[in-house]
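Secondary and tertiary structure notes
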Amino acid sequence: MGKIILVTGGARSGKSSFAEKYAMTYGKKISYIATAQIYDSEMKYRIKLHRERRPANWVTYEAPYDAEQAIEQASLQSDLILFDCLTLYLSNLLCAKDCPQKMEDQFTYVKEYIEKLIHYSKKSAAQVIFVTNEVGMGIVPENVLARAYRDLAGLSNQMMAKAADCVYLVVSGIPVDIKKLAVKLEERI
């Protein structure tokens, strides 16, 4: 049964770098699932930086949609899969042509996709590291799409954290296993 590791944090917190180092430490055959799409020069630059950091022997799967299929395929040849990132995958889902317009329907739509990711990760023999962003720690966004994105990112992160064996919060480049801390706190209560 697959092990899920969730790595979360704010923008430029060091979460992807930590996840990559973790992968190199614990994986021998590593697959990388990339969810980003190039829409502008800034995103092109960000993707370039991520590609340059990855070792040449990692197998990359471009999966902006139906990423559970990439997890299933990667698990056939890898002992560790790095999925970067869950929140970009969510934005792809929300901007997809088949995404419902009503917010309550969007929750059901996104929940089904996250459940698929969890199912295929648990079914796999590989460890799967999911990188995600904490987007709900700032001000309330001014428009409906941004608020829906924030809320759905929170829901997705909670679902993945519940299923995960380890949850690392990365702040200023420092990772802390918050699930382990939560278990210790629950034992004391």
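Use the structure listed above.
Residues numbered from 1 in each chain as written. Predicted model: local features only at pLDDT ≥ 70, side-chain atom pairs only at ≥ 80, totals over all residues. Heavy atoms only, no water.

All right, on to the layout of surface pockets then. The calculated volume of the largest pocket comes to roughly 730 Å³. Lining of the largest pocket is provided by 31 residues; of these, R12, S16, R46, H50 and N133 occupy positions nearest its centre. Mapped onto the lining of the largest pocket, the elements with two or more residues apiece are α1 (15-26), β2 (30-34), α2 (41-53), α4 (86-95) and β5 (127-133). Top contributing element to the lining of the largest pocket by residue count: α2, with 7 residues. For the lining of the largest pocket, a count of residues per class yields 12 nonpolar, 10 polar and 9 charged. What the second largest pocket holds in volume is close to 160 Å³. As for the second largest pocket, its lining consists of T35, A36, Q37, Y39, D40, E42, M43, R46, L88, S91 and N92. Within the residue set of the lining of the second largest pocket, elements represented by two or more residues are α2 and α4. (1 Å grid on protein atoms, 1.4 Å probe; cavity = no way out; pocket = protein on both sides within 12 Å on 5 of 7 lines; lining within 4 Å. Points joined across faces, edges and corners; volume = space filled by probe spheres on them. Helix = DSSP H or I, 4+ residues; strand = E, 2+ residues; numbered from the N terminus. Nonpolar A, V, L, I, M, F, W, Y, C, P; charged D, E, K, R; others polar.)

Applying the stated criterion across every chain yields a total of 8 aromatic pairs. Taking the centre distance of 5.8 Å and the plane angle of 85° together, the rings of F83 and Y89 count as edge-to-face. No difference in accessibility class separates F83 from Y89, as the two residues are buried. Judged by centre distance (4.8 Å) and plane angle (45°), the rings of F83 and F130 are tilted. With F83 in strand β4 (residues 80-84) and F130 in strand β5, the pair connects residues that are 47 residues apart, well separated along the chain. The same class applies to F83 and to F130, which are both buried. Pairwise contacts between aromatic rings join F18, Y22, Y26 and Y168 into one cluster. Seen from the ring of Y32, R54 lies directly overhead, with NZ or CZ sitting 3.8 Å from the centre. Lying over the aromatic face of Y113, K116 brings its terminal NZ or CZ to 4.6 Å of the ring centre. (Phe/Tyr/Trp six-rings, centres within 6.5 Å; stacked < 30°, edge-to-face > 60°. Buried < 20%, exposed > 50% of the residue type's maximum accessible area, 1.4 Å probe, protein only. Lys NZ or Arg CZ within 6 Å of the ring centre and 35° of its normal.)

It is worth spelling out unusual backbone geometry at this point. Residue C85 is reached from D84 by a cis peptide bond, and omega for that bond is 10°. Mapped onto the secondary structure, C85 falls in the loop between β4 and α4. Even without glycine at this site, R12 takes up a positive phi of about 55°. Within the secondary structure, R12 sits in the loop between β1 (3-9) and α1. The backbone phi angle of S172 is positive, close to 50°, even though this residue is not glycine. As for its placement among the helices and strands, S172 is situated in the loop between β6 (166-171) and β7 (174-177).

Everything listed here is a matter of geometry and, on its own, says nothing about what the molecule does.
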